[in-house]
Amino acid sequence: MKIYNTLTRRKEEFIPIEPGKVRMYVCGPTVYNLIHIGNARPMIFFDTVRRYFEHKDYQVNFVSNFTDVDDKIIKKAVEEGVDSTVISERYIAECKKDMEGMNVRPATTHPLATQEIGGMIDMIATLIEKGYAYAVEDGTVYFRVRKFKGYGKLSGKNLDDLQSGNRSLLVTGEEQKEDPMDFVLWKPKKEGEPYWESPWCQGRPGWHIECSVMSKKYLGDQIDIHGGGEDLVFPHHENEIAQSEAASGTEFARYWMHNAFLNIDNKKMSKSLGNFFTVRDISENYDLQVLRFFMLSAHYRSPLNFSADLMEAAKNGLERIVTAAQKLQEEKERVAEKPMTADEKASVDAYVEKFDAAMDDDFNTADAISAVFELVKYANTSMAAGIGKEFAAYLSQNLEMLCEILGIVTQKKEELLDADIEALIEERQAARKAKNFARADEIRDQLAEKGILLEDTREGVKWKKA
Ligand code: AMP
Ligand code: ZN
């Protein structure tokens with residue numbers, strides 16, 4: 001199995017630290033809003049990586065954080081006049097709903113930055129003790145970049161180039177930095193911001209330290225794979241390496257994987273250009289399975305362009321696979337007993353091998369999906385010609401296995417009758433009147449799971465099928 005390692009800039013054979021086990025960490029979103037479709041790309045891709053490792057019988061310990069203390073969260077909390085935990089809790093819950101819709105399984109652990117402050121203080125203290133960090137007068141703690149010999153190894157940046165580019169970074173308030181490249185580990189609180197006690201000042205951590213600390217706590221000093229979007233290579237991941245390796249004295253992550261960006265109509269997605277979509281926006285028009293399938297239709301290191309046409313193509317492609325899978329499920333129950341021939345078995349095995357070969361080659365999901373289409377075509381032709389039970393079951397079992405790796409759901413969704421929906425909505429209204437909000441939310445979620453979206457309007461509750 002080969003993985004392209006950003007650190008060495010080449011594909012390398014994957015050798016786990018511990019045989020049969022994979023320890024991986026993927027930087028998660030900052031929770032101040034609904035996640036956008038760019039954020040969905042690493043979620044879907046790394047979930048597929050995890051599924052493929054599990055298919056290969058690895059035990060995967062997968063950690064992905066939620067950054068729940070950050071300037072943007074605090075700003076939103078001030079705007080709404082609420083505590084910042086209200087904002088972060090709300091958007092973590094919304095993110096989990098989107099993940100479920102995209103069939104992204106929850107990680108083994110989803111740590112929260114605010115719950116790991118003690119560990120961050122400990123690591124910062126270790127860095128100071130070892131001479132890799134220093135506190136200045138106002139209580140800010142900086143990482144001493146020049147002291148860490150490997151700085152720049154991930155991004156390929158040279159310290160002196162960085163230095164000349166960074167002169168302007170000596171902004172007001174940072175005059176006490178020893179070097180413009182030094183980055184913040186801990187900073188003093190500002191009026192109205194959440195803060196924690198620390199040996200240096202009442203304040204909060206810089207962004208980079210949380211990943212080093214959570215990764216160490218849940219996976220150990222050294223991990224197999226660290227992932228995220230390519231924008232994180234510098235400075236975030238470069239700084240994580242500096243912090244983790246300076247603190248532990250050992251290599252941090254052995255394989256660094258970065259997904260390329262998702263663009264919209266060949267332009268960078270941005271709120272100001274008006275081409276910004278949340279995952280929730282997409283769910284108004286599509287089953288989120290389509291978004292997942294769309295994301296996997298390109299190799300993760302290629303930029304991916306999002307457009308209405310490409311989403312339609314993904315929808316049709318996905319339907320073709322799901323229809324064949326469902327037809328096989330029925331066929332294997334319906335057709336007469338008949339043993340499978342050696343040729344039939346060999347043909348199916350060849351498509352599965354092609355799928356595996358593509359995935360083994362740096363998770364080439366685009367080629368893996370081509371192999372699935374070939375298997376589907378072969379299954380359809382075989383079914384049209386008439387097949388026996390054993391062959392139908394074998395086709396079905398293998399297609400289901402490949403769909404499971406890609407995270408494609410092939411089971412038919414149970415359809416709710418309109419009358420059942422109306423009855424549940426009435427029950428929800430009654431629960432709300434009785435202030436039983438837990439039950440009311442439960443009903444809303446139960447309906448959402450079946451693709452029924454509720455809208456509370458002045459004229460009452462309206463519903464529609466997603
Ligand atoms: P953020 O909340 O900005 O820290 O992003 C969370 C994750 O989404 C990170 O791994 C980012 O690299 C990734 N990401 C953000 N925008 C995009 C995009 N347009 N395309 C692909 N990945 C993205
Ligand atoms: Zn991170």
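Residues numbered from 1 in each chain as written. Chains lettered and ligands numbered in written order. Predicted model: local features only at pLDDT ≥ 70, side-chain atom pairs only at ≥ 80, totals over all residues. Heavy atoms only, no water.

Participant: Looking at this structure, I do not really get the site of ligand 1. What am I missing?
Facilitator: The environment of ligand 1 is made up of 16 residues, and the closest members are Thr-30, Gly-38, Gly-229, Asp-231 and Leu-262. Within the backbone of Thr-30, a nitrogen or oxygen atom sits 3.1 Å from an oxygen atom of ligand 1. Contact between ligand 1 and Leu-262: a nitrogen atom at 2.8 Å from a main-chain N or O atom of the residue. Notes on ligand 1: free accessible area 490 Å², of which the protein chains cover 87%. In terms of residue count, helix α1 (residues 37-55) provides more of the shell around ligand 1 than any other element does, three residues in total. Of the residues belonging to the shell around ligand 1, the class tally is seven nonpolar, eight polar and one charged. (Near = heavy atom within 4 Å. Polar contact = N/O pair within 3.5 Å; in protein donor to acceptor, adjacent residues only side chain to side chain. Areas by Shrake-Rupley, 256 points an atom, 1.4 Å probe, with all protein chains shown as cover. Helix = DSSP H or I, 4+ residues; strand = E, 2+ residues; numbered from the N terminus. Nonpolar A, V, L, I, M, F, W, Y, C, P; charged D, E, K, R; others polar.)

Participant: How should the coordination of the zinc ion (ligand 2) be read in this particular structure?
Facilitator: Geometrically, a metal with four donors at the corners of a regular tetrahedron has ideal angles of 109.5 degrees, and one with six donors at the corners of a regular octahedron has ideal angles of 90 or 180 degrees. At this site the zinc ion (ligand 2) is bound by Cys-27 (SG), Cys-211 (SG), His-236 (NE2) and Glu-240 (OE), with donor distances of 2.0 to 2.5 Å. What the four donor atoms of the zinc ion (ligand 2) show is an angle range of 74 to 127° at the metal, which sorts the shape as irregular. Positions of the donor residues of the zinc ion (ligand 2) along the chain correspond to the pattern C-x183-C-x24-H-x3-E. With Cys-27 in the loop between β3 (21-26) and α1 and Glu-240 in helix α7 (residues 233-248), this residue pair connects regions lying 213 residues apart in the sequence. Each member of the pair, Cys-27 as well as Glu-240, is classed as buried. (Donors = N, O, S within 2.8 Å, 3.2 Å for Na, K, Ca; no water. Tetrahedral: all angles 85-135°; square planar, octahedral: opposite > 155°, others 65-115°. Buried < 20%, exposed > 50% of the residue type's maximum accessible area, 1.4 Å probe, protein only.)

Participant: What am I meant to see in the environment of Lys-177 here?
Facilitator: Residue placement: Lys-177 occurs in the loop between α5 (159-165) and β7 (183-188). The class of Lys-177 is buried, set by a relative accessible area of 11%. Spatially, the C-alpha atoms of Lys-177 and Glu-89 are 35 Å apart, while their sequence positions differ by 88 residues. One polar contact links the side chain of Lys-177 to the main-chain carbonyl oxygen of Pro-180, over a distance of 3.0 Å. A polar contact is formed between the side chain of Lys-177 and the backbone oxygen of Asp-182, at a distance of 2.8 Å.

Participant: Can you help me understand the sheet that holds strand β8 (residues 203-205) in this one?
Facilitator: Strand pairing in a sheet relies on backbone hydrogen bonds. The paired strands run either parallel or antiparallel. Strand order in the open sheet formed by four strands is β5-β6-β7-β8, and the pairing between neighbours is antiparallel. With one partner strand each, in any of the chains shown, β5 (133-135) and β8 form the two edges of the open sheet. Across the sheet, the axes of successive neighbouring strands diverge by a mean angle of 20°, strand direction being ignored. As judged from the three bridges shared by β7 and β8, these two strands associate in the antiparallel manner. Bridge assignment links Pro-188 to a residue of β8, and that residue is Gly-203. (Pairing = 2+ DSSP bridges. Axes fitted to C-alpha atoms, helices over the stretch in contact; angles between N-to-C directions.)

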